[in-house]
Amino acid sequence: MFDRCLMCHAPFPANEALEHFSHGDRIAFDPGRGRLWSICRQCRRWTLAPIEARWEALEELERATTDRARLLSQTDNVALLRVDGLEVVRVGRANLTEEAWWRYGRELVGRREHFRKVSFAGSVAAGAVIIGGWTTGGIGAFAAWILWDNAPAKVVDTVRWFRFGSAAWRGERRCTECGHRFRQLSFKDRETLILRPDREHSETELVQRCPRCSGVAGGLVLRGREGDRALRRVLAYHHFAGASEKRVKSATQLIQEAGDTRGLARSVVREGKRLGDLERTPAIALEIAANEEAEQRLLELELADLETHWREEEELAAIVDGELTPLPVLETFRRRVRELG
């Protein structure tokens, strides 16, 4: 009866993280009251597990979230965690340190491996062309050297273009000094872009000098959500080759020393710096911080939704447990779970 949602009858995907509760890839539990739910991805409703199916699963969940969980975000009432690929909603605050940057750091390491594969593919293709041309006499030594030296980079540039396109921003703005019309922010100009703190809104502005009057004050200035999205696209394009695990750790250390993502931006760009002038590790840290801050905003919205659902489902669970479960048995069960925590 647990393999489908009770509301929309959509099947719960199997998970391998829990031995005693294998249905559902998003699970909610309340160790204090002894509740356990599977959350449907389609209708977002919570299916309450009957009391006899909760014992081992709740004990296993409490051990897993204590020993192996990473805290994604939390409020005073609920915490969203990741446990071995499983999303877990824990009712009550989790006593874990939030590591906001670990997720995007992993993406950067994976991006580096992808970059290596693409570069290797370019080298293999260049080698095949050179060998073929050399055999038939259609390619000379100098041309072979040029091809070997440039082919991997050309392949990488092509793959990057297919992923990002040619511009980080498109729109229409005018320079307030000379009236020059900006229609796009090209990736090829990224190293001359200026990053500077917006003190009024505690954000990082993205600034392109006006090509006609060379003014910063009247150039293209992107801020707010528009600037945040453009900044993240520019940094992702700039760091298409990814980063090693060692560099990611150094970058996250910078975030820790700054205290938060906004503190990092202030310490890295100060009064304003060109992207091309930033050292690699602070630039990597800035990309991690920018993406994690955007993700945290989305998680906060999701947590608010989860908390609303929890309050509704808790009212129903209290009725179900109160009517169908002898109270002394339920109280013994609750004490057992609390002792494990």
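All of these numbers come straight from a predicted model, not from anything done at the bench.

**Q** Quick question: what am I supposed to make of the overall build of the chain here?
**A** Helix and strand counts for the chain stand at eight helices and twelve strands. Evaluated residue by residue, the chain yields a buried proportion of 46% over its 341 residues. In the form shown here, the chain has an accessible surface area of approximately 18,400 Å², with 51% of it arising from carbon and sulfur atoms.

**Q** Sorry, what's going on with the sheet that holds strand S10 (residues 203-208) here?
**A** Through backbone hydrogen bonds, the strands of a sheet pair up, either in parallel or in antiparallel fashion. Taken in spatial order, the four strands make up an open sheet running S11-S10-S9-S12, and their pairing is antiparallel. In this open sheet, the two edge strands, each paired with only one partner strand, are strand S11 (220-222) and strand S12 (273-274). Pairing geometry for strand S9 (residues 194-198) and S10, over five bridges, is antiparallel. For Arg196, the partnering residue across the bridge sits in S10 and is Glu205.

**Q** For this particular structure, what's the right way to read the nonpolar core?
**A** Generally speaking, soluble globular proteins have nonpolar side chains that are buried together. Leu195 and Leu206 are the most contacted members of the largest nonpolar core, which has 37 residues in total. Every residue in contact with Leu195, bar those within four places of it in the chain, is listed here: Thr204, Glu205, Leu206, Leu231, Val269, Gly272, Lys273, Leu275, Leu278 and Leu286. Counting 19 residues, the second-largest nonpolar core is a separate cluster that includes Ala49, Leu61, Ala64 and Ala79.

**Q** Mind showing me how you'd approach the pairing of strand S4 (residues 70-74) here?
**A** Residues in a regular strand project their side chains so that they alternate between the two faces of the sheet. Among the five residues that make up S4, four are buried, leaving the element largely enclosed by the rest of the structure. Sheet analysis places S4 next to strand S5 (residues 78-83), joined by four bridges and oriented antiparallel. Each bridged residue has a counterpart across the sheet, and for Gln74 the counterpart in S5 is Ala79. Between the antiparallel neighbours S4 and S5 lie three residues.

Rules behind the numbers
Residues numbered from 1 in each chain as written. Predicted model: local features only at pLDDT ≥ 70, side-chain atom pairs only at ≥ 80, totals over all residues. Heavy atoms only, no water. Helix = DSSP H or I, 4+ residues; strand = E, 2+ residues; numbered from the N terminus. Buried < 20%, exposed > 50% of the residue type's maximum accessible area, 1.4 Å probe, protein only. Areas by Shrake-Rupley, 256 points an atom, 1.4 Å probe, with all protein chains shown as cover. Pairing = 2+ DSSP bridges. Core = buried A, V, L, I, M, F, W, Y, C linked by side-chain atoms within 4.5 Å. Contact = heavy atoms within 4.5 Å.

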